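The lines below spell out each chain.
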Amino acid sequence: MNKKAPDNKGHFGVYGGRFVPETLMPALIELEAAYNKYKKDKTFVKDLTSLQKDYIGRPTPLYFAKRLSEALGGAKIYLKREDLCHTGAHKINNALAQALLAKKMGKSRIIAETGAGQHGVATATGAALVGLECEIYMGSEDIRRQSLNVFRMKLLGAKVTEVNVGSRTLKDAINEALRDWTTNVRDTHYVLGTVFGPHPYPVMVRDFQSVIGKEARQQILKAEGKLPDCLIACVGGGSNSIGLFYAFLQDNVRMIGVEAGGHGIESGEHAARFAGGSLGVFQGCKSYLLQNDDGNVLGTHSVSAGLDYASVGPEHCFLRDVKKIEYTYATDDEALKAFELLSKTEGIIPALESAHAVTEAVKTAPAMSKDSIIIVNLSGRGDKDVQEVARIKGIEL
Amino acid sequence: MSRITQAFNKLKKAGRKALIPYIMSGDPSLEDTKRFIADLDEAGADIIELGVPFSDPLADGPTIQRAHERALQRGTTLRKVLTFVREIRQTSQIPLILMTYYNPVFKFGIEAFVKEAVSAGVDGVIIPDLIPDEAEDFIKLARQHKLDTIFLLAPTSTPDRIKKVVKASTGFIYYVSITGITGAKLTVGDPMKDTLTSIKSNTDKPIAVGFGISNPEEAAEVAKLADGVIVGSAIVRLIAEGKDIKDFVRSIKESLELKG
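Rules and cut-offs
- Residues numbered from 1 in each chain as written.
- Chains lettered and ligands numbered in written order.
- Predicted model: local features only at pLDDT ≥ 70, side-chain atom pairs only at ≥ 80, totals over all residues.
- Heavy atoms only, no water.
- Helix = DSSP H or I, 4+ residues; strand = E, 2+ residues; numbered from the N terminus.
- Rg over C-alpha atoms; globule rule 2.2 N^0.38 Å.
- Contact = heavy atoms within 4.5 Å.
- Lys, Arg positive; Asp, Glu negative; His and termini not counted.
- Charge placed at Lys NZ, Arg CZ, Asp CG, Glu CD.
- Patch = residues over 30% accessible without salt bridge, like charges linked within 9 Å, V, L, I, M, F, W, Y side chains within 5 Å.
- Areas by Shrake-Rupley, 256 points an atom, 1.4 Å probe, with all protein chains shown as cover.
- Salt bridge = Lys/Arg side-chain N within 4 Å of Asp/Glu carboxyl O.
- Buried < 20%, exposed > 50% of the residue type's maximum accessible area, 1.4 Å probe, protein only.
- Pairing = 2+ DSSP bridges.
- Expected span 1.5 Å × (residues − 1).

Trainee: Explain the overall build of chain A to me, please; I cannot follow it from the model alone.
Mentor: Helix and strand counts for chain A come out as 16 helices and 14 strands. In terms of overall dimensions, chain A is globule-like: its C-alpha atoms have a radius of gyration of 19 Å, near the 21 Å expected for 397 residues. Expressed along its principal axes, the backbone C-alpha trace of chain A runs to roughly 55 × 45 × 40 Å. Long-range contacts, defined here as pairs at least 24 residues apart, represent 73% of the contacts in chain A between residues at least 6 apart. Averaging the coordinates of the 49 positive side-chain charges in chain A and doing the same for the 46 negative ones gives two points 6 Å apart.

So this is what it looks like as structure tokens:
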């Protein structure tokens, strides 16, 4: 493993870096300095650890999914239950930490983009908890798909601003959040929700999410007396997956990231950046990107709003190049089947994002021996998706 | 010496300020853009900025975002704009700057882009999401082929950033008058004066101010502090409304000639 990645300007090999308007550079430099200071600050670490325990509910359980494992007839499948975090997904691990950091930095306002709404809810929650003004940008297409989360953010005191340009999804919400940040950079912190964007976000968000893997590693050693054979997580921007994988990077463990295959790669309607993309520069960093020959960013499609994004975290590209992580994809149909399978076999309704990871377990587990172990990151709960799934199935609620 | 530097030198000798209008290539069509360039030239533009459309223009406000969308819908690409500039050069020698985002250039290939831009007759490039720190290769190629690289400074810029951007810029330095996006509300005040003074203490390169300058009064005020004035959204808006741009640009030009 190359431990030099990233370099001091946020480059993971050829990926990453900082591609932003000059106006934002001082803010990024300030953020990097503040993050480097507070991650070693005893009070900050103590405050964060105590909130992780008492507020988020960490450690989250590592649950042996016995009936699912039996149904698939192969490896033992464990679920890392990030769906049991306060607000229902792993997003709170990062959002709360950044809200705390923003408060320490003396900012009065935080903003964020959201796709599925989970990061928006998590940021609004963090803002309410530490006492900051909060505005969330969300594409109108996502607002339609995730109306429940929109109302939750409003209940939490956040202003939700609809983004009606471009594809009206996550990428457009990020553009708008960046425009807001460029305008209000002096008093505002941008709580980016994934391991993407300009340095230091990919590193900082990874660190805030790495608690997932640290816990899971200890938990599996306690439960099974050995490390797992395989880790599986879905990859939108890539924060829950890197959060799980990071603590295992020095181990000999197979790791699989699952992108959104949408209607299939041939259809062109997907968000599988590794299967269908090429190197590009987008929203602050260099990475794999779904783009046309002229360098314009293509529209994406996924049944899951949280995976519906044209690019992917730069560290993922790097770890793929050094063959540490494999990447595959699951289609909408496969994810919807896994959504129902987990609900019926385990009584756990997963987020559609997490259902993509479950799909890969369904494909991988049967060929593995009964004493081998898979950990699937169950990154979020599916309550937010129930309405959309009913709509897709043509059921009127 | 580049066309841009020549233009600034000539203006400086005459005690005048540069008028730098921005229009979007291919909005609503490249044929119209050709006509607008002639209009701008006639109305007294000293240098013209040609936008190249991109799907995600994150430094732009709503007016120019919509221009990007319209130009893309008409099939305008970086390649087509380069061919277009080659055509323009048959009849016009006005300094031309391309303003686009980094990904279209990166996808084109930076070496191929620099060579083709220079051979087509492009004089300089502005890429708002490319900072000097990430532009080492680009700057090297641009110097080699004599393409001006114009980087941006902002009201938030620290002394360190000013030094870095001043060093990387040729032709002129683009000072973004506001913390914000194109077309936002301008305030000319002490913070702008202070930052401009600080930039000037670092360099003799010309400084042009843009973002938010929407009328002759604002242009005149900014011109007192800088070597050039960039006007974008206000012109793009007129084009979107199908209105004439010549009179407006002429009125800005006249405001720059008034001695303060």
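Trainee: I would appreciate a short explanation of a nonpolar patch on the surface in the present structure.
Mentor: All names here are of chain A. A cluster of nonpolar residues, Ile349, Val386, Ile395 and Leu397, forms a patch on the protein surface that exposes about 370 Å² of accessible area. Tracing the chain through its elements places leucine 397 in the segment after helix H16 (386–392). The exposure class of leucine 397 is exposed, given its relative accessible area of 74%.

Trainee: Looking at this structure, I do not really get the sheet that holds strand E11 (residues 278–282) of chain A. What am I missing?
Mentor: All names here are of chain A. Taken together, four strands build an open sheet; the order of strands is E1-E2-E12-E11 and the sheet is antiparallel. A strand with exactly one partner marks an edge of an open sheet, and here the two such strands are strand E1 (11–12) and E11. Here strand E2 (residues 15–19) runs beside strand E12 (residues 284–289); their pairing, made up of two bridges, is antiparallel. If you follow glycine 16 over to E12, its bridge partner there is lysine 286.

Trainee: I keep staring at the sheet that holds strand E8 (residues 207–210) of chain B and nothing clicks. Help me out?
Mentor: Strands pair in a sheet through their backbones, by hydrogen bonds, and they do so in one of two ways: parallel or antiparallel. Residue and element names in this part refer to chain B. Ordered by their spatial adjacency, nine strands build an open sheet running E5-E4-E3-E2-E1-E9-E8-E7-E6, and the pairing between neighbours is parallel. In this open sheet, the two strands that pair with only one neighbour each are strand E5 (148–150) and strand E6 (152–153). Pairing analysis gives four bridges linking strand E7 (residues 173–176) to E8, with the strands arranged parallel. Following the sheet pairing, valine 176 is matched in E8 by glycine 210.

Trainee: I tried to follow helix H4 (residues 91–104) of chain A on my own but got confused; where do I start?
Mentor: Given 3.6 residues per turn, any residue in an α-helix points the same way as the ones three and four places further on. All names here are of chain A. Counted at 1.5 Å a residue, the expected span for H4 with its 14 residues is 20 Å, and the 20 Å between its end C-alpha atoms agrees. For H4, the set of buried residues is Lys91, Ile92, Asn93, Asn94, Ala95, Leu96, Ala97, Gln98, Ala99, Leu100, Leu101 and Ala102. A positive phi of about 80 degrees marks glycine 106, the residue just after H4.

Trainee: Can you walk me through the pattern of salt bridges in this structure?
Mentor: Opposite charge on two side chains lets them pair, provided their charged atoms get close. Residues and elements named next belong to chain A. The full count for this structure, using the stated rule, is 45 salt bridges over all chains. Across the pair glutamate 30 and lysine 107 runs a salt bridge, and its minimum N-O distance is 3.4 Å. Placement of glutamate 30 in helix H1 (residues 25–38) and of lysine 107 in the loop between H4 and strand E5 (109–114) is noted, with a sequence separation of 77 residues between them. One salt-bridge network, in which partners are shared between bridges, spans Arg109, Glu133, Glu135, Lys159 and Asp180.

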